[in-house]
Amino acid sequence: TLYSWVVMRRALDPAFAGAVPYVVAAVELDEGARLFSRLVGVDVDDPAALRAGMALQLEFVDIDGRAMWAFAPAVR
């Protein structure tokens, strides 16, 4: 589930420059651990698109030729 998030409007790594703006999220796993990940599949300019507690699912995305894991809103 989505615990917290921040919208990045400036890339800290050149590999992410084409993705700005993007969301970095604190994700709470079912087991209770929290981790940070990229959140994809959301409109970063729509405040209603994100809410604490929303269900997420794991996805893999290609960033600068590297396969990386990310989370997206869960399809129910």
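Structure shown above.
Parameters and conventions
Residues numbered from 1 in each chain as written. Predicted model: local features only at pLDDT ≥ 70, side-chain atom pairs only at ≥ 80, totals over all residues. Heavy atoms only, no water. Patch = residues over 30% accessible without salt bridge, like charges linked within 9 Å, V, L, I, M, F, W, Y side chains within 5 Å. Areas by Shrake-Rupley, 256 points an atom, 1.4 Å probe, with all protein chains shown as cover. Salt bridge = Lys/Arg side-chain N within 4 Å of Asp/Glu carboxyl O. Helix = DSSP H or I, 4+ residues; strand = E, 2+ residues; numbered from the N terminus. Pairing = 2+ DSSP bridges. Axes fitted to C-alpha atoms, helices over the stretch in contact; angles between N-to-C directions.

### Things to note about a nonpolar patch on the surface
Now for step 1: Side chains of Leu58, Phe60 and Trp69 sit close together on the surface and give an oily, nonpolar patch of about 360 Å² of accessible area.
Now for step 2: Within the fold, phenylalanine 60 resides in strand E4 (residues 56–63).

### Looking at the pairing of E4
Now for step 1: Where E4 lies against strand E5 (residues 66–73), 8 bridges are found, and the strand directions are antiparallel. Of the residues in E5, the one forming a bridge with leucine 58 is phenylalanine 71.

### Things to note about the sheet that holds strand E1 (residues 2–8)
Now for step 1: The 5 strands are arranged E1-E2-E3-E5-E4 in an open sheet whose pairing can be described as mixed. The two strands at the open ends of the sheet, each matched to only one other strand, are E1 and E4. Averaged over all pairs of adjacent strands, the angle between strand axes in this sheet comes to 40°, irrespective of strand direction.
Now for step 2: When strand E2 (residues 22–28) meets strand E3 (residues 34–39), the two strands line up antiparallel, connected through 6 bridges. Residue pairing for E3: valine 27 is matched across the bridge by leucine 35.

Fair warning: the whole summary comes from geometry, so function is off the table for now.
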